[in-house]
Amino acid sequence: MSRAEDDTPAETTHGRSAASALRALDSDATRTVNLTRRADAPSLETPLLVSLARAIARAECVVTVNLSGQRLDVAACHALARAAADGASFRVLDCGDCGIGDAGAAELAEVLILNARLERLYAPANGIGRDGADAVAAGAEARLGPKLRTLDLSDNEELGDAGAIALARVCRPEVAPSELRLAACGIGDAGARALAGAFFPSRKDTRRASALALHRNPLISAAARLEVATAAREAGVKVFVFS
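Residues numbered from 1 in each chain as written. Predicted model: local features only at pLDDT ≥ 70, side-chain atom pairs only at ≥ 80, totals over all residues. Heavy atoms only, no water.

Q: Just to check I follow, could you spell out the sheet that holds strand E5 (residues 150-152) for this structure?
A: Within a sheet, neighbouring strands are paired by backbone hydrogen bonds and run either parallel or antiparallel to one another. Spatially, 8 strands are ordered E1-E2-E3-E4-E5-E6-E7-E8 in an open sheet, and the strand pairing comes out parallel. Each edge of the sheet is formed by a strand with only one pairing partner; in this case those strands are strand E1 (32-34) and strand E8 (238-240). With strand direction ignored, the average angle separating the axes of adjacent strands in the sheet is 5°. (Pairing = 2+ DSSP bridges. Helix = DSSP H or I, 4+ residues; strand = E, 2+ residues; numbered from the N terminus. Axes fitted to C-alpha atoms, helices over the stretch in contact; angles between N-to-C directions.)

Structure representation (structure tokens):
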């Protein structure tokens with residue numbers, strides 16, 4: 001399922017200003033907060049993002065929060081964690097290309113822990129490396145709610161084998177997401193084998209469709225790609241590793 005195909009409720013804040021989004025949240029009728037930044041628009045300032053997070057915590061109906069392209073510094077990411085601590089229960093969080101980095105990823109890990117209803121976390125293209133991956137893995141392990149459906153950390157090229165090996169912890173049966181996206185993350189053979197070795201056994205006997213995305217990782221050798229693809233076929237898991 002693509003990001004665009006995930007929960008799309010009828011009542012949204014799409015196309016409105018941040019101020020309008022805040023007013024809509026106060027009305028307690030908004031289910032989707034869509035503040036994707038246009039290419040020709042400046043990012044929202046941190047104080048406004050913090051206010052937005054507080055409003056999301058107060059609202060009871062919000063399902064999807066899309067902040068893709070906004071600049072989320074540590075303070076903004078911390079505000080999202082505080083919102084989760086204060087009762088925010090959105091099911092989808094999209095913060096792709098937000099400049100989060102490892103420090104921001106550590107705050108998102110708190111969202112994983114505190115928001116038991118979160119199903120899909122999208123954080124591609126954020127400069128997340130091994131430390132951030134380790135934090136996200138720890139957050140997923142500590143969750144008290146259901147497993148994630150989707151965890152997307154694609155296009156974080158500094159993640160590398162060390163980050164992939166850290167994320168292999170997320171692939172244990174009791175915590176494994178249904179879909180793990182790590183395309184273009186600088187992963188080589190060691191990381192690919194660690195992920196496959198943990199992810200495929202975790203999907204045994206599950207009825208939910210599963211997928212592991214490792215494409216656009218040119219450091220994975222042809223032999224390792226074939227090995228991973230063969231293991232995926234035997235486990236009944238979709239794997240994207242050859243493109």
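Q: I'm lost on the packing of helix H5 (residues 130-142) against helix H6 (residues 160-167) in this one. Help?
A: Helix-helix packing is described using two parameters, namely the angle between the two axes and the distance between the axes. Viewed as axis vectors pointing N to C, H5 and H6 meet at an angle of 5°, and their least axial separation amounts to 8 Å. With respect to H6, the axis of H5 lies roughly parallel. Between H5 and H6, the contacting residues are Arg 130, Ala 133, Asp 134, Val 136 and Ala 137 on the first element and Ala 162, Gly 163, Ala 166 and Leu 167 on the second. For the contact of H5 with H6, a count of residues per class yields 6 nonpolar, 1 polar and 2 charged. (Parallel < 35°, antiparallel > 145°, perpendicular 65-115°, else oblique. Contact = heavy atoms within 4.5 Å. Nonpolar A, V, L, I, M, F, W, Y, C, P; charged D, E, K, R; others polar.)

Q: How do you make sense of the pattern of salt bridges when you look at a structure like this?
A: A side chain of one charge can pair with a side chain of the opposite charge if their charged atoms are brought near each other. Tallied over the entire structure, the rule returns 13 salt bridges. For Arg 38, the salt bridge identified is with Asp 40, shortest N-O distance 3.3 Å. Owing to a relative accessible area of 56%, Arg 38 belongs among the exposed residues under this scheme. Under the relative-accessibility criterion, Asp 40 is labelled exposed at 65%. For Arg 169, the salt bridge is made with Glu 141, and the minimal N-O distance between the two is 3.1 Å. With Arg 169 in the loop between H6 and strand E6 (179-181) and Glu 141 in helix H5, this residue pair connects regions lying 28 residues apart in the sequence. Judged by relative accessible area, which is 27%, Arg 169 ranks as partly exposed. By relative accessible area, which is 29% here, Glu 141 ends up partly exposed. (Salt bridge = Lys/Arg side-chain N within 4 Å of Asp/Glu carboxyl O. Buried < 20%, exposed > 50% of the residue type's maximum accessible area, 1.4 Å probe, protein only.)

Q: What should I look at first to understand the nonpolar core in this one?
A: Ranked by internal contacts, the top residues of the largest apolar core, which has 72 residues, are Leu 72, Leu 167, Leu 182 and Leu 195. Setting aside residues no more than four positions away along its own chain, Leu 167 makes contact with Ala 133, Val 136, Ala 137, Leu 153, Leu 159, Leu 182 and Leu 195. (Core = buried A, V, L, I, M, F, W, Y, C linked by side-chain atoms within 4.5 Å.)

Q: Please clarify how the packing of aromatic side chains should be interpreted in this entry.
A: Aromatic rings considered in pairs are described by the distance between their centres and by the relative angle of their planes. On inspection of all chains with the given rule, the structure shows 1 aromatic pair. With a centroid separation of 6.3 Å and an interplanar angle of 70°, the aromatic rings of Phe 199 and Phe 200 are classed as edge-to-face. Accessibility assignment for this pair places Phe 199 and Phe 200 in one class, buried. (Phe/Tyr/Trp six-rings, centres within 6.5 Å; stacked < 30°, edge-to-face > 60°.)

Q: How should I be thinking about unusual backbone geometry in this particular structure?
A: Only a minority of non-glycine residues have a phi that is not negative, and only a minority of peptide bonds are not trans. One non-glycine residue, Asp 97, lies in positive phi territory at about 55°. Its place among the elements puts Asp 97 in the loop between strand E3 (92-94) and helix H4 (101-114). In this structure Asp 97 comes out as partly exposed when scored by relative accessible area, which is 41%. Of note in this structure, Ala 125 is not a glycine but carries a positive phi near 55°.

Q: Help me understand the environment of Tyr 122 in this model?
A: Topologically, Tyr 122 is positioned in strand E4 (residues 120-122). Tyr 122 gets classed as buried once you look at its relative accessible area, which sits at 0%.

Q: How do you make sense of helix H8 (residues 222-235) when you look at a structure like this?
A: Its 14 residues give H8 an end-to-end C-alpha distance of 20 Å, which sits within 8% of 20 Å, the value for a rise of 1.5 Å per residue. Among all positions of H8, only Ala 224, Arg 225, Val 228, Ala 229 and Ala 232 are buried. In a view along the axis of H8, the buried residues occupy a sector of 130°, so they form one face of it. Across H8 from its buried face, at more than 90 degrees, point the exposed residues Ala 222, Ala 223, Leu 226, Arg 233 and Glu 234. (Expected span 1.5 Å × (residues − 1). Arc of directions from axis to C-beta.)

Q: Looking at this structure, how should I read the confidence of the model for the protein?
A: In low-pLDDT regions, the fine details of the predicted coordinates are not to be read closely. Within the protein, residue pLDDT values average 89, and 89% of them lie at 70 or more. Throughout residues 7-15 the model reports pLDDT below 50, and contacts reaching past four residues in sequence, or to other chains, amount to 18 contacts. (pLDDT = per-residue confidence, 0-100.)

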